[in-house]
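In case you want the letters, here they are:
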Amino acid sequence: MKRTIVKIDEELCNGCGKCVTPCAEGAIVMVDGKAKVIKEELCDGAGFCLAVCPTGALTIEEREAKPFDHALAEKEQEKRGRQIINETCSICSATENDAPLIPIRTKGDSKWVCVRCLPALIHG
Ligand code: SF4
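Novice: Before we move on, can you summarise the site of the ligand with the specific residues and values?
Specialist: The local shell around the ligand holds 14 residues, among which Cys-13, Cys-16, Cys-19, Ala-35 and Cys-53 are the closest. Residues that form the shell around the ligand fall into these classes: nine nonpolar, four polar and one charged.

Novice: Please give an account of helix 1 (residues 70-80) that cites residues and values.
Specialist: By the criterion of burial, helix 1 is predominantly exposed, with just one of the eleven residues buried. One or two steps after helix 1, the chain reaches Gly-81, where phi turns positive at roughly 75 degrees.

Novice: Got a sec to walk through the confidence of the model for the chain? Specific residues and values, please.
Specialist: Confidence along the chain averages 91 in pLDDT terms, with 100% of residues attaining 70 or more. Here strand 5 (residues 101-106) is the element of the chain with the lowest mean pLDDT, 87, and strand 3 (residues 34-37) is the one with the highest, 97.

Novice: Can you tell me about the environment of Ala-24, naming the residues and giving the values?
Specialist: With respect to the secondary-structure elements, Ala-24 resides in the loop between strand 1 (2-8) and strand 2 (28-31). Take Ala-24: there are 16 C-beta atoms within 10 Å of it, and that puts it in the partly exposed class. Here the alpha-carbon distance between Ala-24 and Arg-80, two residues 56 residues apart in the chain, equals 10.0 Å.

Novice: Outline the nonpolar core, supporting the account with residue identities and numerical values.
Specialist: In this structure, Cys-19, Ile-28, Cys-43 and Cys-49 are the most contacted members of the largest nonpolar core, which totals 19 residues. Contributing elements (two or more residues each) for this core: strand 1 and strand 3. Residue contacts for Cys-43: discarding those within four places in its chain leaves Ile-5, Val-6, Glu-25, Ala-27, Val-37 and Phe-68. One finds Cys-89, Leu-101, Trp-112 and Val-113 within the second-largest nonpolar core, a separate group that totals five residues.

Novice: Pulling in residues and values, what's your account of the pairing of strand 5?
Specialist: For strand 5 and strand 6 (residues 109-114), the ladder comprises six bridges, and the chain directions are antiparallel. Residue pairing for strand 6: Leu-101 is matched across the bridge by Cys-114.

Novice: Could you give an account of the pairing of strand 3, naming the residues involved and the relevant values?
Specialist: Along a regular strand, successive side chains alternate from one face of the sheet to the other. The alternating pattern of strand 3 places Ala-35 and Val-37 on a buried face, while none of Lys-34 and Lys-36, on the opposite face, is buried. As judged from the four bridges shared by strand 2 and strand 3, these two strands associate in the antiparallel manner. The partner of Met-30 across the bridge, within strand 3, is Ala-35. Taking the residues that link successive antiparallel strands as the turn, the strand 2-strand 3 hairpin has two residues, and the phi of Asp-32 there is positive, at about 50 degrees.

Analysis parameters
- Residues numbered from 1 in each chain as written.
- Predicted model: local features only at pLDDT ≥ 70, side-chain atom pairs only at ≥ 80, totals over all residues.
- Near = placed C-beta within 6 Å.
- Nonpolar A, V, L, I, M, F, W, Y, C, P; charged D, E, K, R; others polar.
- Buried ≥ 20, exposed ≤ 12 C-beta atoms within 10 Å, placed from the backbone.
- Helix = DSSP H or I, 4+ residues; strand = E, 2+ residues; numbered from the N terminus.
- pLDDT = per-residue confidence, 0-100.
- Core = buried A, V, L, I, M, F, W, Y, C linked by C-beta atoms within 7 Å.
- Contact = placed C-beta atoms within 7 Å.
- Pairing = 2+ DSSP bridges.

Given below as C-alpha cells:
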C-alpha cells in the first residue's frame, strides 16, 4: 500500500541516537552508528522523531510500504518495557515525570519542551 513513512538520510545521520527513544513503536534502532527503520510495519509515519534530529536526516515520505501493524508495535513495546527518556524541558528543566514532554523544532534547533512551557513558546 502507498502511505507515509519515515525516511532516514544516512549521509546526514551523525549517529547521535536522539531519534530512538521518541519512537514509541520501536521502529528506529541504531545499526553500525546510523539510525535505521528496522521494520517498516513498526513505523506509523507520524513523524514524532523528526523534531529531535539535529541534522535534518529524518523526513516523511509517501511510498509503497507494508501497512503499520499496531499489534506488532504493542508487542515490541511490551518487550522493551516502559522507557523513561533522559530528557528535560529546555525551558523549566521538568522531566517527563513532571509533565508531558514534546520534541520541537524552533529557529533551527531541536528542543524538548514540556506542555506547561509550550503555550508561552507558541504565543511569546
Ligand atoms: S536523530 Fe538524526 S542524526 Fe541522530 S541518530 Fe537519529 S537520524 Fe541520525
